[in-house]
Amino acid sequence: MEHKSTASQDLLLPLHSNQTSYVLAVVGGRYVTQRYWGQATESLDALAAVTSDTAPYLTTQTLADGRTLSLDRLPLEYPTLGAGRLGPTACTTRFSDGARTTRLEYRGHSYGTQPELPVGMPLLRPDHELGGATCLRVELVGTRGLALQLHYATFDNAAVLLRWARFVNHSEEPFAITDPAAAWVGLPAADYERVYLAGRWAHERQVLRAPLVSGLQRIESSGGATGHQGSPFVAVCASGADEQQGRVYAAALSYSGNYWAAAGCNQYDAAELGLGVAKLETTLLPGESFDTPGAVLVHSDAGFGGMSAAYHDFVRRGVTPRGARAGRRVVINTWEAMYFDVSEHNTAAFAEQATPLGAELLVLDDGWFSQRRDDTSSLGDWDTNTERFPAGLGGAQQAVGRHGLDFGIWMEPEMVSPDSRLATEHPDWVLGDPQQPAALGRGQLILDLANPEVIDHLIGEVGRVIRESQATHVKWDMNRNMSDAYSRALTPEQQGEAMHRYILGLYRLLGQLTTEFPQVTFEGCAGGGGRIDLALAHFHPRFWTSDMTDAYERLEIQYGSTLVMPPELLGAHVSTVPNHQIGRSTPARTRVLAALAFWYGFELDPARETQADREIYAWGAELFRRHRDEMAEARFVRLAGTLGAAVGSGRRAADRAWMLVGAKHVFVFWFAVLAEPDSVPRFLRLPSLPAGWYRDQATGLRYDAALLGSRGLALDPPQHDYAAQHWILERAE
Ligand code: GLA
């Protein structure tokens, strides 16, 4: 598959997916660079043409064919310090003789059809539906026995490029690698912007956009999880790119621990982007290897909408377990209804009230175990509190079942309270620096998942709770970040990997549990949305998107979350008003509509709601149940928001809108934030609908795709703040 037609051309290593080509060039037989990333092309001769490239004050290399070039001018696939590289590097190296530099040169490559995957880190499910794969492995060697393999995979029916790297130590001495990139990409000079996700607790995944300027702009996490503060994702786009048009280059890391994600311009205004593991130092002994997690790269010429479509498709057909997105049950959760005041009696009464709302699954949240009455105790001691649940969890499950509801249970398996039996019996199982007192977060400590004994213990405990409760849903929570991470199970040389090995342990734990309990849905939660990523989507077909349940605040959180994640994986609950986190009151209909395109559920006590509101909540559940499977396969399109507005003038810039284009229906949702005086009629454009006719279920009006794309749907002028409107359009003949 490699391409080289004349002696004066560089060896090209092309990769083609159904929409894009990614072409590597081995410059002068030595330097592995990227020559092209864009729409699928066959113009390989033009791409293979060699060039010399250097500039004043750069270090130069003279190649065997007489060319002179400088590494700082080349879009290297994995830049390291050495041989004249002045810009940022994809990792840092440290050898036993003290050397910090290494020059990576091409040694060989091979193509295949079976993706090689990083060991222990989920990237692609084995029974993926992405079509035939083209896989490339490029071998590079550095100094002092360092070898690097760069792995790539593309698929016939997917628009993604998978990448990761493996370091191997072929020497007799150890060496260390710090913060290795999973992928690094150089892009031609142009006017670019950077888009990334940032936030905080209850304010996750806010979309930020800024000009790409000189120097590397980097976000990272260091608390052992991806965190609320950011997401392992970065995109570089042509300035002016929006949801429908413009070039976007994006990368998301399939990893749940400390990450870095960076983009910037080098001294020649050429852009670079990369992402990898942060706060990691791994020491490779002779013969050992280290795999980075995988990165999922997307190139789109159709703006951010095209980018997200590629990610959603990848998650659906390459990540989330087959079948897990069908039949998503309407959830009702006890947390905001009861907080820690849970008992069999309360739960049974709650279930009785939940059934008329259309709930199908009751999740018993925090407070059911040991002495847990608030968030200061009992984590780790997963025995049922029999004062509250005299017939055990089995009794609670039966009480709930009598009202026709399935039963789910909350657990926070990775955590331990300082006063728990578990912490007292196994102080060495707690992650923390033996030289200083551990910092508490929400009053709790973290178990050391780098310790295989802890993993075995947790497999036993979670399994026991599932068997006792007959739960078919586990809300798997993780409510604090790591600090002073030191693992008593690791050697001094391995401590630089403590947080990474924790994450490997987490994958093993979740892998075993999901295999042992295929009937159970494991929902991922981390103080809301503090750990949502492509790797965990292999185990969690549902994430609790955020602890913020106010409908208006949720709009931006959900909007940003769909940059990479498809909406059907994102839990969205209708909560009561005034909202518990922010005190805001929004109309019941708006709260329902804000949740409907996602995984619908409730976070309220039905007994305290008005009859009128209960009817609206039940109407939402009925709509969701009728259309959930079609929605889970539908194309999700953001219509109005930070990355592009499809509504009237900029004065309505705060509006949010999205649609789901399903096989039979188009579900459209529009959220106006503030009402305005004397507002003029406005329209919501629905771009890129398949040609044909669409009939509005509510009015019977028929629209063709052209009218919907050019003028759009007429919006009702908002009569009050936080108004929302929805349409269900049937595809008609
Ligand atoms: C976290 C979760 C909430 C709830 C509480 C229970 O904050 O995000 O949904 O489960 O823990 O303590």
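Keep in mind it's a predicted model, so treat the numbers as computed, not measured.

1. Describing helix H5 (residues 392-401)
Reasoning step 1: H5 sits mainly inside the fold: 7 of its 10 residues count as buried.
Reasoning step 2: The complete set of buried residues in H5 reads Gly392, Leu393, Gly394, Gly395, Ala396, Ala399 and Val400.
Reasoning step 3: The elements touched by buried residues of H5 are helix H4 (344-354), strand E24 (361-364), strand E25 (406-411) and helix H7 (452-469).

2. Observations regarding the site of the ligand
Reasoning step 1: In the vicinity of the ligand there are 13 residues, among which Asp365, Asp366, Arg442, Lys475 and Asp547 approach most closely.
Reasoning step 2: Interatomic distance of 2.7 Å between a side-chain N/O atom of lysine 475 and an oxygen atom of the ligand.
Reasoning step 3: At 3.1 Å from an oxygen atom of the ligand is found a side-chain nitrogen or oxygen belonging to asparagine 479.
Reasoning step 4: Contact with the protein chains hides 96% of the accessible area of the ligand, taken as 310 Å² for the molecule alone.

3. Topic: the packing of aromatic side chains
Reasoning step 1: Using the criterion set out here, one finds 24 aromatic pairs in the structure.
Reasoning step 2: Measuring from centroid to centroid gives 4.9 Å for tryptophan 335 and tyrosine 339, while their planes differ by 75 degrees, and the two rings are edge-to-face.
Reasoning step 3: Ring geometry for tryptophan 368 against phenylalanine 369: centres 5.1 Å apart, planes inclined by 70 degrees, an arrangement best described as edge-to-face.
Reasoning step 4: Judged by relative accessible area, tryptophan 368 falls into the buried class, the value being 0%.
Reasoning step 5: An aromatic cluster of at least three residues, connected via ring pairs, comprises Tyr22, Trp37, Tyr152, Tyr192 and Tyr249.

4. Quick look at the sheet that holds strand E28 (residues 473-476)
Strand-to-strand pairing in sheets goes through backbone hydrogen bonds, with the strands running parallel or antiparallel.
Reasoning step 1: Pairing within the closed barrel is parallel, and its 8 strands lie in the order E23-E24-E25-E28-E29-E30-E31-E32. Direction aside, neighbouring strands of the sheet carry axes that sit 30 degrees apart on average.
Reasoning step 2: Inspection of the sheet shows strand E23 (residues 331-333) paired to strand E32 (residues 599-603) by 2 bridges, in the parallel sense. By the bridge assignment, isoleucine 332 is partnered in E32 with phenylalanine 602.
Reasoning step 3: Of the strands in this sheet, E24 and E25 touch H5, which is tilted by about 140 degrees from E25.
Reasoning step 4: Sheet strands touched by helix H8 (residues 498-516): E28 and strand E29 (521-524). Its angle to E28, the strand with the most contacts, is close to 170 degrees.

Reading guide: rules and limits
- Residues numbered from 1 in each chain as written.
- Predicted model: local features only at pLDDT ≥ 70, side-chain atom pairs only at ≥ 80, totals over all residues.
- Heavy atoms only, no water.
- Buried < 20%, exposed > 50% of the residue type's maximum accessible area, 1.4 Å probe, protein only.
- Helix = DSSP H or I, 4+ residues; strand = E, 2+ residues; numbered from the N terminus.
- Contact = heavy atoms within 4.5 Å.
- Near = heavy atom within 4 Å.
- Polar contact = N/O pair within 3.5 Å; in protein donor to acceptor, adjacent residues only side chain to side chain.
- Areas by Shrake-Rupley, 256 points an atom, 1.4 Å probe, with all protein chains shown as cover.
- Phe/Tyr/Trp six-rings, centres within 6.5 Å; stacked < 30°, edge-to-face > 60°.
- Pairing = 2+ DSSP bridges.
- Axes fitted to C-alpha atoms, helices over the stretch in contact; angles between N-to-C directions.

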